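Observations on the model geometry
Chain by chain, the residues run as shown.
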Amino acid sequence: MAATIIDGKGFAGTIREQVAGHVARLKEDHGLTPGLAVVLVGEDPASQVYVRSKGKQTVECGMASFEHKLEADTSEADLLALIARLNADPAVHGILVQLPLPGHLDEDLVINAIDPAKDVDGFHISNVGLLATGQKSMVPCTPLGCLMLLRAHHGRLSGMNAVVIGRSNIVGKPMAQLLLGDSCTVTIAHSRTRDIQELCRRADIVVAAVGRAEMVTGDWIKPGATVIDVGINRIDAPEKGTGEDGRVKTRLVGDCEYDSCAAVAGAITPVPGGVGPMTIACLLANTVTACCRANGLAEPEGLTA
Ligand code: NDP
């Protein structure tokens, strides 16, 4: 039987509608407008696209968007001073510093300068510790999106065997913590893991966050398992011909070889249109959650872990 396609794009649209509904109620009932500040240092083209998209979707949901674009040679002191101002600004409920930062800036120092209550990316060391100890925290957006998709598809995840491939601080580790929080039995695999295929073949859930195009193939997957593909990789697509610049056109693929995995899995997220759209939707959800917490209001249901 063909795998169910987990429609992250559609689900992200539903999350955005819920966020917009909460924002409207916060305005109507409490005179509050959730605000998200995004800080971009330098002119990395991919980062510029992300920041534009985040700003657009923030405004579309009725929230306030504050964009701060700084020169690539901005000093650490100036960046920290901006973060201090945003921390103190009551109109700003969420602060996101777009990564990667230029090499002369210490990412850990900068992220840990953000007020943890406004850390909508969930990367501050306090939020990492709160998540690891099962306490209320700001949860990193991409793994939160994966968790929402898994819960929507399965209902309860309790007792399921999950393998997370990748141990980065932004995806792999928080993903494993979230699955553990939902009482999965979790294995984290990485570049030094032995018999990774065998581990995956025993898993009810495989989350691939590796950054290697189509690494996971159908013969790694247990029949009926759920595959969450976080990877975003651009590869040459000679079948699409060449562009105006004479270069071979490209296409996006995940860390999982879609066709062979979909032939075996019970459910799978496509790339594009799976996990990707959930990330910004969860950023918006985190901003509303941060606004509610800052004002002592009940948090919106279903938008947090
Ligand atoms: P990182 O490069 O930070 O981490 C990759 C992880 O994969 C590392 O833990 C690494 O192991 C592991 N790894 C590398 N090669 C192998 C291998 N051959 N076998 C097993 N494990 C391996 O990447 P990120 O976590 O930041 O991102 C992962 C992917 O997710 C990327 O494609 C990225 O573009 C995508 N992404 C997508 C997002 C979205 O919104 N959909 C958001 C964020 C990321 P080790 O630690 O041993 O080196």
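Residues numbered from 1 in each chain as written. Predicted model: local features only at pLDDT ≥ 70, side-chain atom pairs only at ≥ 80, totals over all residues. Heavy atoms only, no water.

1. A closer look at the environment of T226
The residue T226 is located in strand β8 (residues 226–229) in this model. Note on T226: relative accessible area 1%, which makes it buried. Note: C-alpha distance between T226 and V92 (134 residues apart in sequence) is 38 Å. With near-sequence residues (within four places) excluded, T226 lies in contact with I6, L150, H153, H154, D204, I205, V206 and A267. Of the polar contacts made by the side chain of T226, one reaches the side chain of H154; its length is 2.7 Å. (Helix = DSSP H or I, 4+ residues; strand = E, 2+ residues; numbered from the N terminus. Buried < 20%, exposed > 50% of the residue type's maximum accessible area, 1.4 Å probe, protein only. Contact = heavy atoms within 4.5 Å. Polar contact = N/O pair within 3.5 Å; in protein donor to acceptor, adjacent residues only side chain to side chain.)

2. Comments concerning the sheet that holds β8
Ordered by their spatial adjacency, six strands build an open sheet running β1-β11-β8-β7-β5-β6, and the pairing between neighbours is parallel. Two strands bound the open sheet, and with one partner strand each, they are β1 (4–5) and β6 (185–189). In this sheet, strand β7 (residues 205–208) lies alongside strand β5 (residues 161–165) in parallel orientation, the contact comprising four bridges. The partner of A162 across the bridge, within β7, is I205. Helix α6 (residues 141–154) contacts β1, β7, β8 and β11 (267–268) of the sheet and is inclined by roughly 155 degrees relative to β8. Against the sheet, helix α7 (residues 172–181) makes contact with β5, β6 and β7, and its axis sits at roughly 170 degrees relative to β5, the strand it touches most. (Pairing = 2+ DSSP bridges. Axes fitted to C-alpha atoms, helices over the stretch in contact; angles between N-to-C directions.)

3. Quick word on the pattern of salt bridges
If you walk through the whole model with that rule in mind, you get eight salt bridges. Notably, a salt bridge pairs R201 with E198, separated by 2.8 Å at the nearest N-O pair. A residue pair is termed a helical-turn pair when its members lie 3 or 4 positions apart in one helix, as R201 and E198 do in helix α8 (residues 196–201) at three residues. Through salt bridges that share partners, K136, R293 and E299 make up one connected network. (Salt bridge = Lys/Arg side-chain N within 4 Å of Asp/Glu carboxyl O.)

4. With respect to the state of the cysteines
Simply put, the disulfide is a covalent bond whose two ends are the sulfur atoms of two cysteines. Taken as a whole and judged by the stated rule, the model has zero disulfides. Unpaired in terms of disulfides, C256 finds its nearest cysteine sulfur in C261, a separation of 4.8 Å. For C256, a relative accessible area of 3% translates into the label buried. Distance from the sulfur of C292, which forms no disulfide, to the nearest cysteine sulfur (C291) is 5.7 Å. (Disulfide = S-S within 2.5 Å.)

5. With respect to the pairing of strand β3 (residues 64–70)
Here strand β2 (residues 35–41) runs beside β3; their pairing, made up of seven bridges, is parallel. Looking at β3, one finds that V39 is bridged to H68.

6. Here's the deal with the site of the ligand
Of all residues adjacent to the ligand, which total 22 residues, the nearest are R167, S168, S191, R212 and T279. R167 places a side-chain nitrogen or oxygen 2.7 Å from an oxygen atom of the ligand. A distance of 2.8 Å separates a nitrogen atom of the ligand from a polar side-chain atom of R212. In isolation the ligand offers 920 Å² of accessible surface; the protein chains occlude 69% of this area. Here the shell around the ligand is composed, by residue class, of ten nonpolar, ten polar and two charged. (Near = heavy atom within 4 Å. Areas by Shrake-Rupley, 256 points an atom, 1.4 Å probe, with all protein chains shown as cover. Nonpolar A, V, L, I, M, F, W, Y, C, P; charged D, E, K, R; others polar.)

7. Some details on helix α3 (residues 76–88)
Between its first and last C-alpha atoms α3 spans 18 Å; for 13 residues at 1.5 Å apiece the expected length is 18 Å, and the two agree. Where α3 is concerned, the buried positions are L79, L82, I83 and L86. Summarising the axial view, the buried residues of α3 lie within an arc of 100 degrees, below the 170-degree limit, and thus occupy one face. In α3, the exposed positions angled more than 90 degrees off the buried face are occupied by A77, R85 and A88. Buried residues in α3 make contact with β2, β3, β4 (94–97) and α4 (107–111). (Expected span 1.5 Å × (residues − 1). Arc of directions from axis to C-beta.)

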